[in-house]
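Structural characterization, general
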Amino acid sequence: MLQLNYRKLLGSSLIFIMIINSGSILSKVEPFDKFFIFSSLAILLFSLFFLNKKIFNNNFFYYVMLFLFFSTSSFIVNFDFSSFFSYIYFNVNILLAYNIILLLKTDEIVDYYLSFMKYLAILSLFGFFFQDYLGFLKYNFEFRDQLYNYYWFYGGIDGVDFRNFSIFVEPGLFQIYLIFAIILMIFFKNEKSYKFYSILFIFFFCVFTTKSTSGYVLAALCFAALIIKSSKNIYLKFFSIPFSILSTYVFIYLFDIKSNLENKIYGDQQLSFLTRMKSTEADLTVFFSNPVTGVGFGNYISEIERNGYYIDAATNTYTQILAILGFPSLILLVSPIIIMLKRNYNQSLFIIIVVMFLLIVYYNQPFVLYPFLYFSIMAFYVIGNNYFRRNYE
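Keep in mind the model is a prediction, meaning the values are calculated, not measured. Starting from 1, residues in each chain are numbered consecutively following that chain's sequence as written. Under the rules for a predicted model, residues below a pLDDT of 70 receive no local features and side-chain atom pairs below 80 are neither given nor counted, while totals for whole chains, interfaces and linings still include all residues. In computing side-chain properties, one takes all heavy atoms of the structure into account and sets aside hydrogens as well as water.

1. Considerations on helix H16 (residues 348-364)
Here is the rule: In DSSP terms, a helix is any run of H or I states spanning at least four residues, a strand is any run of E spanning at least two, and both are numbered starting from the N terminus. Under the convention used throughout, the expected extent of a helix is 1.5 Å for every residue step, that is, one less than its residue count. For the exposure calls, accessible area comes from a 1.4 Å probe over protein chains only, and a residue counts as buried if that area is under 20% of its type's maximum, exposed if over 50%, partly exposed in between.
Taking 1.5 Å as the rise per residue, H16 with 17 residues should run 24 Å; its terminal C-alpha atoms sit 24 Å apart, in good agreement. Along H16, the residues that are buried comprise Leu349, Phe350, Ile351, Ile353, Val354, Phe357, Leu358, Ile360, Val361, Tyr362 and Asn364.

Structure, rendered in structure tokens:
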């Protein structure tokens, strides 16, 4: 029993650290950044010791070892010694995600993740509605030459309309973790009670407070999936997608998000839209110059600029991996998704939502150095396989 408690404590700690290290402010600013780096390494080493031989007796072991092999090859071939710690961090992130999958059972992964996100969402909404009364909790700091204003797990960039950031560096990141939580609830929580729908509503509501364009699209898809899963009425199932789109459009007008969308395409935030358009093109140009091992972490920015692209940030995880680590690494990244597509889960709805999530999310965010990227792909494969095999085979 004591060993079981240690396992659960370690697993929940890994999920907490994984989320913190995937774009949270706490991992980006002093003095928290150093604390969480050392905490990550300590928990990772302890989990490796705890797992012992189980690390080697798993199908994902070879997947992880190949990933580490190709990242090391990129490091050596490109003589990228100035970015030594980026490769270490990359490898640690993959191991961190791998250890969570090994330590926790399917239901535990779902429960621990949802529990953490539930409290994070509630705190963010508290800040969202009561920011005018939380002046004593306000703190400002600079990150990437921008001034951030935070009101207790809710904040925004100075000069930009307030959007729900939670503890992350931008609202687009927060909506990703919320959508992941929504997918887990719809497909892996069977108790459709008042509490279930209340938590689900909080997650959906939080997505709209982030004012993230990709968040609206994914929220509409998830809402449609919820209707299809919950209703026995064939007509309601049929009209679920147009109804979800209409509901999303109503929310957009209620929150005056329409002006935010127009701003991204035509207005002051046009740079964000243009960056997304050009980032993929820039990555592919760099990739074709070194398709097998990529150009490496240290050479990435200089190669982008050398090819005549001047963008403020990468936005596409898949093409960024192509440019930095090469084609074999991208194949490794998407291989669990490909295998999932070939399996007959008798759950085509789950497959559609997962693929849309992975395509939209990682097309719009650079997640190469975030452990959540590898965790989400492995988790969808493992918990989807375990759950649907248990229930349908």
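2. Points about the pattern of salt bridges
Condition: Salt bridges are defined by distance alone: a side-chain nitrogen of Lys or Arg within 4 Å of a carboxyl oxygen of Asp or Glu.
One pass over the full model with this rule turns up two salt bridges. Taking the shortest distance from any N to any O, the salt bridge between Lys189 and Asp111 comes out at 2.7 Å. Taken together, the positions of Lys189 in the loop between helix H6 (171-188) and helix H7 (194-210) and Asp111 in helix H5 (residues 106-130) put the pair 78 residues apart, joining distant regions of the chain. In this structure, Arg306 and Glu303 form a salt bridge, with 3.0 Å as the shortest nitrogen-oxygen distance.

3. Topic: the nonpolar core
Convention followed: In plain words, nonpolar cores are sets of buried Ala, Val, Leu, Ile, Met, Phe, Trp, Tyr and Cys residues tied together by side-chain atoms within 4.5 Å. In what follows, a contact means two residues having at least one pair of non-hydrogen atoms within 4.5 Å.
Core analysis: the largest hydrophobic core is formed by 117 residues, its most contacted members being Tyr113, Met117, Phe203, Phe357, Phe372, Tyr374 and Phe375. For this core, the element with the highest residue contribution is H6, accounting for 15 residues. Residues contacting Met117, with those up to four places away along its chain left out, are Ile19, Phe174, Tyr177, Leu178, Ala181 and Phe203.

4. Some thoughts on unusual backbone geometry
Even without being a glycine, Ser166 presents a positive backbone phi close to 55°. Along the chain, the position of Ser166 falls in the loop between strand S3 (155-157) and H6. For Ser166, a relative accessible area of 0% corresponds to the buried category. Although it is not a glycine, Lys211 adopts a positive phi angle of roughly 55°. Note that Lys211 resides in the loop between H7 and helix H8 (213-230).

5. Digging into the packing of H6 against H8
Angle between the axes and distance between the axes are the two parameters that describe a pair of packed helices. Where we set the bar: In this description, a line fitted to the C-alpha atoms serves as the axis of each element, helices being fitted only across the stretch in contact, and the angle between N-to-C directions of two axes falls anywhere from 0 to 180 degrees. Any angle that is under 35 degrees is reported as roughly parallel, and any over 145 degrees as roughly antiparallel; angles of 65 to 115 degrees are reported as roughly perpendicular and all others as oblique. In this classification, the charged set is Asp, Glu, Lys and Arg, the nonpolar set is Ala, Val, Leu, Ile, Met, Phe, Trp, Tyr, Cys and Pro, and all remaining amino acids, among them Gly, are polar.
Two elements in contact, H6 and H8, have axes separated by 10 Å at closest approach and are oriented at 5°. As judged from the angle between their axes, H6 and H8 are roughly parallel. Contacts between H6 and H8 involve Gln175, Ile179, Ile182, Ile183, Ile186 and Phe187 on the former and, on the latter, Ser214, Gly215, Leu218, Ala219, Cys222, Ala225, Leu226 and Lys229. Class assignment for the residues of the contact of H6 with H8 results in 10 nonpolar, three polar and one charged.

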